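What follows is the residue order along each chain.
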Amino acid sequence: MTDKHSSTLLIAAILATLLAVVAVHYFPEKRYAIIPSKDARIYLDSAKLPDGSVTSEWLDDTHSNFRCNVPPAFTGNYFSCSLVADLSRSATTGMNLAKYRYLELQVNYVGDANKLRIAVRNYNPAYSRANDANSNKFNAALIHTKELTKPLRLPLTAFSVSDWWISQYNIPVVQAQTEMTNTLALTIDFADNLTPGKHDVSVTKLEFVGEWVSPENWYLFILGCWMLGIFGFATYRLIQLHRKTRADSKMIEELAISNEQLKTETDKFRRLSTVDALTQTYNRFGIDKVVSTLMAASHDRFKSTPNFALIIIDIDHFKRVNDRRGHDAGDRVLQKISAIIQDAIRSVDFLGRWGGEEFLVIMPNTGKEFAGDLAERIRVAISATMFEPEQPLYVTASFGIGAQHKDEDFSNTFKRVDNALFKAKELSRNCCVMADDK
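A brief report on the enclosed structure follows.

We now examine the state of the cysteines. Here is the idea: a disulfide is a covalent bond, and it sits between the sulfur atoms of two cysteines. All told, the structure shown has one disulfide when counted by the stated rule. Sulfur-sulfur distance for the disulfide between cysteine 68 and cysteine 81 comes to 1.7 Å. Taking the sign of the S-S torsion, about -85 degrees here, the bridge from cysteine 68 to cysteine 81 comes out left-handed. Of this pair, cysteine 68 sits in strand 4 (residues 65–70) while cysteine 81 sits in strand 5 (residues 81–86), placing them 13 residues apart in sequence. Among the residues examined, cysteine 81 registers a relative accessible area of 2% and is labelled buried. Of all cysteine sulfurs, the one in cysteine 431 lies closest to cysteine 432, which takes part in no disulfide; the gap is 6.9 Å.

Below, the structure is given as structure tokens:
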């Protein structure tokens, strides 16, 4: 997956999330209608009065309009008159109304009672007994009859457990909370004592309302999708990265092998291009590279010593060696002298064959006095060495010595030291001459 595809997918996911967040407010509501409903099991809780009449009766065959008949001589605390909606599936199994949020009702009342009561009876084996209907938890909400002039949407949070039920069944506080997860019945009756006469109740609507998916659960679902998507994307990228890493590692391994081979070849050719094949010292090209490096460093204004000292060494009468002993002997002399010089100089110094029988020693950060002492030691070592032991041969060398002046380029330093070498040749050779500082 390319970065462009990833960006497109991310934008699409953000747009889909925004739509999903807004869409929850337009989901159809989940409804459970008790009235009106053809399948509802509704009956009246009624009793027979001494005169043969009943405490409650249906006003029509819709089973939603009923009347409470309170006799003039009634003085009891409870009058048996209530509408009961049976929601049970068995003696101990009912409906889960907790998944709804509201109870929508429309009730018309004619009479002088003050409060209408909606009660939901819940069965729980922790406190309920199958042979005692009153042991089912009594969750109730009281509605003032003056509020019944218009449809009501009653939150289920408005219900509370009645104190009389808690006291009668000695319910502990942990079980005294509202509970509607296993509702066996819903009742509509009056919360206070009814006055003698007729009390007519007409229930037009009794319906529970909720969401198919609550906003909280929907948002959790969206969050879960994002987490799952992020996890999936991260896993996919990790797999991609692992594959790419393996491929890159293999390629790097192959490149490392090729690079090592190239490095070996490069080092070989670099050495061939900068090293004199006969003496194994720097050749003229190699010396140029050393000089370039030193001159680049010579711009440091805080150095208190010269950037380098220079010694030019020329073998005296070398042509005579070649003419009398042959070029092979001459080559051996060059090799021996280069070895003598190499043994005498420091590890930081550079030795090169400038051409023919001429050698250069470049000594970084060194004064001319030290260079002069070193040149003298080399001169003595050369003159004391016996070359060609089978046919003894002694040679000498002349030396020009100098140090770079401030802001002086190499060519000017070389000219001054080369002039000093020329004077050494004029002075009978086998000597060291210090270059003029002019």
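Before going further, it helps to spend a moment on the packing of helix 6 (residues 327–344) against helix 7 (residues 368–383). Taken N-terminus to C-terminus, the directions of helix 6 and helix 7 make an angle of 140 degrees; their axes are 10 Å apart at the nearest point. In the crossing of helix 6 with helix 7, the sense of the turn from one axis to the other is right-handed. Contact residues: Ile337, Ile340, Ile341 and Ala344 in helix 6; Leu374, Ile378, Ala381 and Ile382 in helix 7. Broken down by class, the residue content of the contact of helix 6 with helix 7 amounts to eight nonpolar, no polar and no charged.

In this section: the sheet that holds strand 14 (residues 350–355). If you walk across this open sheet you meet the five strands as 14-15-13-16-17, and the pairing is mixed. Every interior strand has two partners, whereas the edge strands, strand 14 and strand 17 (432–434), have only one. Strand-to-strand, the axes of this sheet are offset by a mean angle of 20 degrees, without reference to chain direction. Two elements, strand 13 (residues 308–315) and strand 16 (residues 397–403), share seven bridges in a ladder whose sense is antiparallel.

Here we take up the packing of helix 5 (residues 318–325) against helix 6. Put simply, helix 5 and helix 6 touch, their axes get as near as 6 Å, and they point 140 degrees apart. As summarised for this structure, helix 5 and helix 6 are arranged oblique, according to the angle between their axes. For the pair formed by helix 5 and helix 6, the contact residues are Phe318, Val321, Asn322 and Arg325 on the first element and His327, Ala329, Gly330, Val333 and Leu334 on the second. Split by residue class, the contact of helix 5 with helix 6 holds five nonpolar, three polar and one charged.

Once that is clear, we can look at unusual backbone geometry. Trans is the prevailing form of peptide bonds, just as negative phi is the prevailing case for residues other than glycine. Omega for the bond connecting isoleucine 35 with proline 36 falls within 30 degrees of zero, at -5 degrees, which places this linkage in the cis form. Tracing the sequence through the fold places proline 36 in the loop between strand 1 (29–35) and strand 2 (41–46). With a phi angle near 50 degrees, histidine 317 is a residue other than glycine that sits in the positive phi range. Topologically, histidine 317 is positioned in the loop between strand 13 and helix 5.

Thresholds applied
Residues numbered from 1 in each chain as written. Predicted model: local features only at pLDDT ≥ 70, side-chain atom pairs only at ≥ 80, totals over all residues. Heavy atoms only, no water. Disulfide = S-S within 2.5 Å. Helix = DSSP H or I, 4+ residues; strand = E, 2+ residues; numbered from the N terminus. Buried < 20%, exposed > 50% of the residue type's maximum accessible area, 1.4 Å probe, protein only. Axes fitted to C-alpha atoms, helices over the stretch in contact; angles between N-to-C directions. Left-handed = near helix turned anticlockwise from the far one by under 90°. Contact = heavy atoms within 4.5 Å. Nonpolar A, V, L, I, M, F, W, Y, C, P; charged D, E, K, R; others polar. Pairing = 2+ DSSP bridges. Parallel < 35°, antiparallel > 145°, perpendicular 65-115°, else oblique.

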